[in-house]
Amino acid sequence: QFNRHGGSELAIQANNLLPFVYTDWVCYLQADEFIGEWEKPFIRRELSNMSKDISQVELYRTYFWGDLYTRASSEELYLGRLFRAGTHIVGGDGMYLIRNEGEVIRWTDKLIYHYSRMGNQQDVNKRLRNLDKFFHPDHIVNSFEPFDYNQIDSKCLIRYTGPHPQGISEFYSL
């Protein structure tokens, strides 16, 4: 039985794993979020040399909309996804961190690639309704309008020509 109140089950499950972390830093990504493999050497080097006063690094989450070449700027934001073990817990709906100690820094040029609104519109709709079940009772989920790619202001859509993490291009080109 999931605790559907506000999606807190996602945070509960993530926090249940934190006592088993045996590294200095935790990378907390959700199933539809990725970090490019080309970023990993930089991230490892910087975290290993990070001041002990720093306990969290925020990265910019870029949000793909429909295909690999379109970003939805209205959905993008900075998220804490790297944190020093023992200094944070995952909060509320599983989207954010609650800091117990330390300072936060922001890497403005390092991205989290977010792909929940990618692919066939009907498949995205099924995926979202499944996710909604973590946040709302069935009668509420069943009342939601189907997902529609046209529900965003087209001024928020930005052309993207950069790379994607390994496997993403192949997966979405099927």
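Not measured: the values here are computed from a predicted model.

Caption draft 1: Region of interest: helix α1 (residues 8-17). Within the sequence span of α1, burial applies to S8, E9, A11 and A14. Looking at the buried residues of α1, the elements they touch are β6 (88-91).

Caption draft 2: Structural view of the pattern of salt bridges. Scanning all chains against the criterion turns up 8 salt bridges. In this structure, the salt-bridge partner of E33 is R61, at a minimum N-O distance of 3.8 Å. With a gap of 28 residues between them, E33 in strand β2 (residues 33-34) and R61 in strand β3 (residues 54-66) connect regions that are remote in the sequence. Each member of the pair E33 and R61 is classed as buried.

Caption draft 3: Molecular detail of the nonpolar core. Within the largest apolar cluster, 12 residues are counted, these being W25, I35, I43, L47, M50, I54, V57, L59, L79, L82, W107 and I112. At 3 residues, β3 tops the list of elements feeding residues into this core. Apart from residues no more than four positions distant in its own chain, M50 is found in contact with W25, V57, R84, I105 and W107. Counting 9 residues, the second-largest nonpolar core is a separate cluster that includes Y63, W65, A72 and F147.

Caption draft 4: Layout of the side chain of H88. Secondary-structure assignment places H88 in strand β6. A distance of 2.8 Å separates a polar atom in the side chain of H88 from a polar atom in the side chain of Q56. Within the structure, H88 has its side chain in polar contact with the side chain of T87 (distance 2.6 Å). Those residues in contact with H88, other than ones at most four positions away along the chain, are L18, S55, Q56, F83, L97, I98, R99, N100 and E101.

Cut-offs applied
- Residues numbered from 1 in each chain as written.
- Predicted model: local features only at pLDDT ≥ 70, side-chain atom pairs only at ≥ 80, totals over all residues.
- Heavy atoms only, no water.
- Buried < 20%, exposed > 50% of the residue type's maximum accessible area, 1.4 Å probe, protein only.
- Helix = DSSP H or I, 4+ residues; strand = E, 2+ residues; numbered from the N terminus.
- Contact = heavy atoms within 4.5 Å.
- Salt bridge = Lys/Arg side-chain N within 4 Å of Asp/Glu carboxyl O.
- Core = buried A, V, L, I, M, F, W, Y, C linked by side-chain atoms within 4.5 Å.
- Polar contact = N/O pair within 3.5 Å; in protein donor to acceptor, adjacent residues only side chain to side chain.

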